[in-house]
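Results of the structural survey
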Amino acid sequence: MKAMDAAISTSGLTRRFGDFVAVQNVNLSVAPGQFFGFLGPNGAGKSTTIKMLTGLLAPTSGSIQVLGMDFATHSIEVKRQIGVVPEGLALFGRLTASEYLRFVGQMYGLDRATTLQRSEELLEFMSLAGETKKLITDFSHGMQKKLALAAAVIHGPKILFLDEPFEGVDAIAAGTLKQMLQGMIARGATIFLTSHVLEIVERLCSHVAIINHGQLIANGSLEELRAGVHTQADSDNASARLTLEEIFIRVIGKEDGATNAQSEQELSWLG
Amino acid sequence: MAGMNEVRMTEIAIGTGQLSRQQFSTITWLRWRIFVNSLRSKGAKGELVAKIFSYPLLALMVLGPSTGAGLASWYFVSQGMEPYLAIPLWIIVLLWQFIGVSTSATGPTFDLSTLTRFPIRYRDYLLMRLSFGLMDPPTLAGLCCLIAMSIGIGIAAPALFAWSAINLFVYAVCLVLFSRMIYAWTERWLAQRRTRELFTGIILVASLGFQFAGQAFGRFAQKMGSGHHTAVNPFLEKTAKGLVSVNWWLPPGLPAASIDHLHAGLTSLAVAALLGLLAYTALFLLVLHLRLHAQYLGENLGEAPATARKKSTASRIKSVASQTSSESSSSFSILSPAVAANLIKEVRYLLRSGPKLYVLIMPVFVVFLFSMRNTGMNYAGFGPHGIEGILFTYGCAYTQLLFVGMIYNSLGSDGAGTRFYFIAPLRFRDVMLAKNLLTFIIFSIEAILIYVATSFLSTPAPLALTAATIAWSLFTLFLNLSIGNVRSIVSPKAMDPAKVRSQNVSGLNSLISLAVVIVCVVLGSIMFYICQYLHASYWLATATFSGLAALTFAMYAIVMNRMDGIAASHAENLTATLSKA
């Protein structure tokens, strides 16, 4: 896919922190309308990558194209088209939910009437409408997550970046979020998601990329990834279909060279 | 399997005493590592330099009260006025508490209550909570004062040294326990935001009240001393006598009474007073124990779970309607949407922050207090207009001083929200511009209020002096904003807008802001002296400071044009530091 056609594409994306290379030469392409899962173990470079894709962190080298625009030269235009739920949520704790949504709407250039109408709808949808007088700082973590998502979509972004959106969210709230995200995909938006909850990624995402030690080690549709880690034992057991968790473990395990025998030897004093 | 369990139990079954010692040394090491690791962060070298400069200053600040306490004790004992020892003892207890309220946490902090998750005995936990707070500034200052008192008493009456040292040692233990008790219980009460804000309000009102009472008392004392003997209000006299007699039953009065009784040869009464002090110490320990034991057993101090309030549709529509009308009235249509939205956000933050509102009230209140001292005194020895004419200048200078904290850490209260500034399609310049606009608006309102207040309470400042003061204020404000905006990005510290106590501040920022304020005040004073010396009108100062204000405005404009680049190069540190709130 050409960079111009892709919703998100990166070329040679690299980020160094002193001598440490957090992200190395990542070439990524996400097609418009895709629900894209970005996975990796802790410290693999997921958050650094998403920070660079959303303008929170400048790359050391390489380029980022979003909707055909170069992020480095068109950052304001790109930011108008994207919504972000970052790690840490980026909420202003001393505002109420409706005040915050109004603030965000105006920051994205929405007029007051549209902002008010959308914030009302979003608060109602997220079951936050009854909390008009409460400051965000007094919200539970799940409520804050829902509000952060509402703020990320209030301007109707074409691409939504979500960093661990389901972490610390109860089943009902998670259901609400999933319903909303699937609705966005149905209407043609692109979603870029990182999560450690692989069941959710498997259920929602059509394409997945896996990063480890700062390098992209797998990228494609779920079927393509399954085919990539397919073994003879899998062929013998025709009824078994590899889950994303199994794919992830195989890909990361192969990369790190860990074996079960090794694991058994370690921590032998435990239990 | 049994063998394996045996081996494992042997491995961890070190003596309880040994484990306690190990835990103490581990926590000492941990605190040291937290300090050392804090020096590895970005800007830590600057912070270290700031500490090297500020610690001797703090030591000097401790030296003053200590010398005063020592001299006062020596004087009272050598003059046979031992009961008056209660005065420095009362001052020490007040200083001990108020230094604690006003000192900021400039270093890394460690919440000792988190230790309860480790296999730690309650006795050790209690000792750790007590001992690891002994190195804080109020305790050190209080201990220095009490040591100085012992020395003062010892020099005046060597025979009293041992007894007074015992009394003052018990008093020190009593105060340590008292302050720990207060801290532990307020920590419990302030675990929730609403009570925290209420407490902040009480502290601020009390602070204003103390200043008012101090001035009122000063006036009263001056009236009494000036020979115009007016009849003392009998109620006041009765209250004062009552307070003095109650004082002998309280911790600061008991050591004074004990030392006095021993000096008078009344040993049994001296011992009884010391026992009384010991009883207070035991009581404070007991109350502290109740709190810490509950903490040790585990408790949840977080915000109460949200109560689901279901509103009727009608009331919700009503609230939306009222919100729409209030929001339309609070729009700033001449500004760009981004600046206007940020400005509205800043106004909301201001209205919900007790300490910031305090900054708004203080300058006008201080002008009011100064006007109470209408003694005809020519303040600072300059100005042909005396205190009446120069009150406006003082008020404006004081306002600038109070603004420094807001200007040099202007992103601190945004916390994790700072990330939004980098995600949203806006220029960082607009964010800072909105913050600066609010500062400018508040300053303008303050200046008008101070002018009106001084005009009503004494006499209006002369026109030339008013103009010179405004020009100086603009020069200072733009200089502070230029440097403060950069420092806010380069060295941010997360802060809770509802808290007065223990706000995280950058030592280097404090040092720089102090230097800038000193330079501005010195420049202002020199210019005013020059005007006086040359018998020139204050219009000379007005012209000079207007020129300087134009220069600092140009500097401000240059800094603002580079604001996006500065923010981008510090984005990682800025967002990471402020998200840790």
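Residues numbered from 1 in each chain as written. Chains lettered and ligands numbered in written order. Predicted model: local features only at pLDDT ≥ 70, side-chain atom pairs only at ≥ 80, totals over all residues.

1. Structural notes on the overall build of chain B
This is how the line gets drawn: Helix and strand definitions follow DSSP, with helices as H or I runs of at least four residues and strands as E runs of at least two, each counted in order from the N terminus. C-beta atoms are placed from the backbone for every residue, and two residues are taken to be in contact when these atoms lie within 7 Å.
For chain B, the count of helices and strands is 22 helices and zero strands. Contacts in chain B between residues far apart in sequence, at least 24 positions, make up 83% of those at least 6 positions apart.

2. Focus: the packing of helix α18 (residues 463–490) of chain B against helix α20 (residues 539–561) of chain B
All names here are of chain B. In plain terms, the rule: Note on definitions: angles span 0 to 180 degrees between N-to-C directions of axes, and those axes are lines fitted to C-alpha atoms, for helices only across the stretch in contact. Roughly parallel means an angle under 35 degrees; roughly antiparallel means over 145; roughly perpendicular covers 65 to 115; every other angle is labelled oblique. For a crossing to be left-handed, the near helix must be turned anticlockwise from the far one by less than a right angle; the clockwise case is right-handed.
Packing of α18 against α20 leaves a shortest axis separation of 8 Å and a crossing angle of 20°. When the axis of α18 is compared with that of α20, the two are roughly parallel. Crossing geometry of α18 relative to α20 is assigned as left-handed.

3. Some points on the interface of chain B and chain A
Let me state the cut-off plainly: Gly falls in the polar group here, along with every residue not listed as nonpolar (Ala, Val, Leu, Ile, Met, Phe, Trp, Tyr, Cys, Pro) or charged (Asp, Glu, Lys, Arg).
Each partner contributes residues to the interface: chain B has 37 residues there, and chain A has 35 residues. Elements with a minimum of two residues in the side of chain B that touches chain A: α12 (313–329), α13 (337–351), α16 (418–423) and α22 (571–579) of chain B. Tallied by class, the residues present in the side of chain B that touches chain A amount to 17 nonpolar, seven polar and 13 charged.

4. Topic: the pairing of strand β1 (residues 8–17) of chain A
Residue and element names in this part refer to chain A. Note the threshold: Whether two strands pair comes down to DSSP finding at least two bridges between them.
Strand direction decides the pairing type here: β1 and strand β2 (residues 20–30), joined by seven bridges, are antiparallel. If you follow Ser 9 over to β2, its bridge partner there is Ser 29. What sits between β1 and β2 in their antiparallel hairpin is a turn of two residues, with Gly 18 showing a positive phi close to 65°. In terms of strand pairing, β1 meets strand β4 (residues 61–66) through five bridges, oriented antiparallel. Residue Thr 10 lies in a different strand from β4, and its bridge partner there is Ile 64.

5. Observations regarding the sheet that holds β4(A)
As a general point, the strands of a sheet are linked pairwise by backbone hydrogen bonds and lie either parallel or antiparallel. Strands sit in the order β2-β1-β4-β5 (chain A) across an open sheet of four strands; the sheet is antiparallel. Each of the sheet's edge strands pairs with one partner strand only, and the pair in question is β2 and β5 (69–70) of chain A.

6. Considering the nonpolar core
For clarity, the cut-off: In plain words, the nonpolar core is the set of buried Ala, Val, Leu, Ile, Met, Phe, Trp, Tyr and Cys residues that C-beta atoms within 7 Å link up. Our exposure labels follow a C-beta count within 10 Å of each residue's own C-beta, placed from the backbone: buried means 20 or more other C-beta atoms, exposed means 12 or fewer, and partly exposed covers the counts in between.
Core analysis: the biggest nonpolar cluster contains 150 residues, and A:Tyr100, A:Leu147, A:Ile191 and A:Phe192 have the highest contact counts within it. Here this core takes twelve residues from α18(B), the largest share from any one element. Ignoring any residue separated from it by four or fewer positions in sequence, one finds A:Leu147 in contact with A:Leu91, A:Ala97, A:Tyr100, A:Met126, A:Leu128, A:Ile136 and A:Phe139. Formed by 41 residues, the second largest nonpolar core is a distinct cluster that contains B:Val62, B:Ile92, B:Cys145 and B:Leu146.

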